Each structure stands twice: as C-alpha cells, then as structure tokens.
Amino acid sequence: MQKLHVRGDPKLKNTGGKQYSMVVGRFQPFHDGHKWLVNECIKEGKNVLICIRDCKTDEKNPFTSQEVEANIKKDLWQLIGQERVKVMIIPDIESVNFGRGVGYDIIEHIPPDEIASISATDIRNKLKQKDN
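Bear in mind that the values here come from a model prediction, so they are computed numbers and not experimental data.

Asks: Would you mind showing me how to read the overall build of the protein chain here?
Replies: The secondary structure content of the protein chain amounts to 5 helices and 5 strands. Burial status across the protein chain gives 30% buried among its 132 residues. For the protein chain, restricting intrachain contacts to residue pairs at least 6 apart in sequence, the fraction spanning at least 24 positions comes to 82%. With the model as given, the accessible surface of the protein chain reaches about 9,300 Å², and the carbon-plus-sulfur share is 50%.

See below:
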C-alpha cells in the first residue's frame with residue numbers, strides 16, 4: 001500500500017511561528033495505536049495538535065470528550081509540558097476538506113500490522129467486562 005502525501009504549496013507555508021501536525025479522532029479510548037501515530041509525527045520533528053471530536057456518549061463513545069482529553073493529557077503530560085503536543089476538543093466533524101494551494105500537507109501514516117490490529121472496540125469490550 002502506498003502512503004498518501006498531498007503536499008501543500010510551499011509558498012503558503014508559515015515560516016514564522018510554531019506549527020503543528022493535526023491528528024483528529026474520537027480516541028474512545030486513547031490507545032497504543034493513537035500513541036504510535038503521535039510518536040511518528042514527533043520522530044519526524046513535528047509538533048502535534050490532537051483534536052478530539054466532541055461526540056455524544058453512546059456504546060461506541062462511552063467516554064465524554066472531557067474524559068478523553070483528561071486521559072490523553074495524563075498519558076502525554078511530558079510532551080505537553082515540552083509544548084510538543086497540544087490537545088483540544090473540536091466540534092464533531094463529518095469530513096476534512098481542502099482546496100488546491102493549501103499551505104499544509106495531508107499525510108497518511110500506515111501503521112505496522114501490530115499497531116493496525118489494535119481495536120478500540122475490543123478495548124471498550126474489555127473495559128465493560130472489567131466493570132461487570
């Protein structure tokens with residue numbers, strides 16, 4: 001499988017301030033697959049903005065956005081303290097759209113099999129069994 005990397009217009013890149021690579025998700029819960037993605041960006045020398053989709057709680061989203069935010073901040077406190085990672089809650093989204101000439105890249109990170117096989121659904125089911 002080929003990695004998707006749509007390059008932004010270099011003339012529009014911000015050269016003056018701190019920039020972040022955005023990672024958007026529900027993080028229900030935040031797990032090793034999510035950490036792998038954050039660490040891939042960090043290894044490339046990038047800062048990371050984690051955007052938590054503000055979803056209503058239900059069977060697939062048992063944690064509130066605030067609980068997710070607290071869990072991520074607890075897990076990544078060192079990177080947050082170094083200002084390598086920021087975490088924020090955003091409105092729920094239905095798509096990510098971009099036009100030509102944007103000043104940022106769109107990059108797909110393809111995880112190794114042991115990371116790709118991580119299932120948040122399995123993790124949630126184990127958490128339910130643990131609670132019972």
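Asks: Is there a simple way to explain the nonpolar core in this structure?
Replies: One recurring pattern in soluble globular proteins: nonpolar side chains tend to sit buried together. Residues Phe 27, Val 48, Ile 50, Ile 72, Leu 76 and Val 85 are the most contacted members of the largest nonpolar core, which totals 15 residues. When residues of this core are traced back to their parent elements, those giving at least two are helix H1 (32-43), strand E3 (47-54), helix H2 (65-75) and strand E4 (85-91). Filtering out sequence-adjacent residues up to four positions away, Ile 50 remains in contact with Val 23, Phe 27, Val 38, Ile 72, Leu 76, Val 85, Lys 86, Val 87 and Met 88.

Asks: How do you make sense of the pattern of salt bridges when you look at a structure like this?
Replies: Opposite charge on two side chains permits them to pair, given that their charged atoms come into close proximity. Scanning the entire structure with this criterion turns up 8 salt bridges. Several salt bridges share partner residues, and in doing so they unite Asp 32, Lys 35 and Asp 75 into one network.

Asks: Would you explain H1 in this entry?
Replies: Three- or four-residue spacings in an α-helix give side chains the same orientation, since the helix completes a turn every 3.6 residues. For H1, which comprises 12 residues, the first-to-last C-alpha distance of 16 Å matches the rise-based estimate of 16 Å (1.5 Å per residue) to within 8%. Along H1, the positions that sit buried rather than exposed are Gly 33, His 34, Trp 36, Val 38, Glu 40, Cys 41 and Ile 42. On its buried side, H1 packs onto strand E2 (20-25), E3, helix H3 (77-81), E4 and helix H4 (113-116). Two residues or fewer after H1 comes Gly 45, characterised by a positive phi angle close to 80°.

Asks: Help me understand the layout of surface pockets in this model?
Replies: By rolling a water-sized probe across the atoms, one finds the places where empty space is left. Roughly 1,200 Å³ of internal volume is contained in the largest pocket. Along the wall of the largest pocket there are 38 residues; nearest its centre are Ser 21, Met 22, Val 23, Val 24 and Ile 107. Of all the secondary-structure elements, those providing two or more residues to the lining of the largest pocket are E2, H1, strand E5 (106-107), H4 and helix H5 (120-131). Counting residues per element, the lining of the largest pocket draws most heavily on E2, at 6 residues. Of the residues contributing to the lining of the largest pocket, the split by class is 19 nonpolar, 13 polar and 6 charged.

Asks: I keep staring at the sheet that holds E3 and nothing clicks. Help me out?
Replies: Pairing between the strands of a sheet comes from backbone hydrogen bonds, and it takes one of two forms, parallel or antiparallel. The 3 strands lie next to each other as E2-E3-E4, forming an open sheet whose pairing is parallel. Two strands in the sheet have a free side with no partner beyond their single neighbour: E2 and E4. This sheet shows a mean twist of 25° between the axes of neighbouring strands, independent of strand direction. Bridge count for E3 against E4 is 7 bridges, and the pairing is parallel. Opposite Asp 54, over in E4, you have Pro 91 as the bridge partner. Here H1 sits on the sheet in contact with E2, E3 and E4, set at roughly 155° to E3.

Asks: What should I look at first to understand the side chain of Glu 69 in this one?
Replies: Within the secondary structure, Glu 69 sits in helix H2. Dropping the residues within four chain positions of it, Glu 69 is found in contact with Ile 52, Val 87, Met 88 and Ile 89.

Asks: Is there a simple way to think about the pairing of E3 in this case?
Replies: Regular strands place their side chains on alternate faces of the sheet. Of all 8 residues that make up E3, 6 are buried, and the element is covered over most of its length. In this sheet, E3 lies alongside E2 in parallel orientation, the contact comprising 6 bridges. By the bridge assignment, Val 24 is partnered in E3 with Cys 51. The parallel pair E2 and E3 is bridged by H1, and the resulting crossover is right-handed.

The rules behind each value
Residues numbered from 1 in each chain as written. Predicted model: local features only at pLDDT ≥ 70, side-chain atom pairs only at ≥ 80, totals over all residues. Heavy atoms only, no water. Helix = DSSP H or I, 4+ residues; strand = E, 2+ residues; numbered from the N terminus. Buried < 20%, exposed > 50% of the residue type's maximum accessible area, 1.4 Å probe, protein only. Contact = heavy atoms within 4.5 Å. Areas by Shrake-Rupley, 256 points an atom, 1.4 Å probe, with all protein chains shown as cover. Core = buried A, V, L, I, M, F, W, Y, C linked by side-chain atoms within 4.5 Å. Salt bridge = Lys/Arg side-chain N within 4 Å of Asp/Glu carboxyl O. Expected span 1.5 Å × (residues − 1). 1 Å grid on protein atoms, 1.4 Å probe; cavity = no way out; pocket = protein on both sides within 12 Å on 5 of 7 lines; lining within 4 Å. Points joined across faces, edges and corners; volume = space filled by probe spheres on them. Nonpolar A, V, L, I, M, F, W, Y, C, P; charged D, E, K, R; others polar. Pairing = 2+ DSSP bridges. Axes fitted to C-alpha atoms, helices over the stretch in contact; angles between N-to-C directions. Right-handed = clockwise from strand over helix to strand, strands pointing away.

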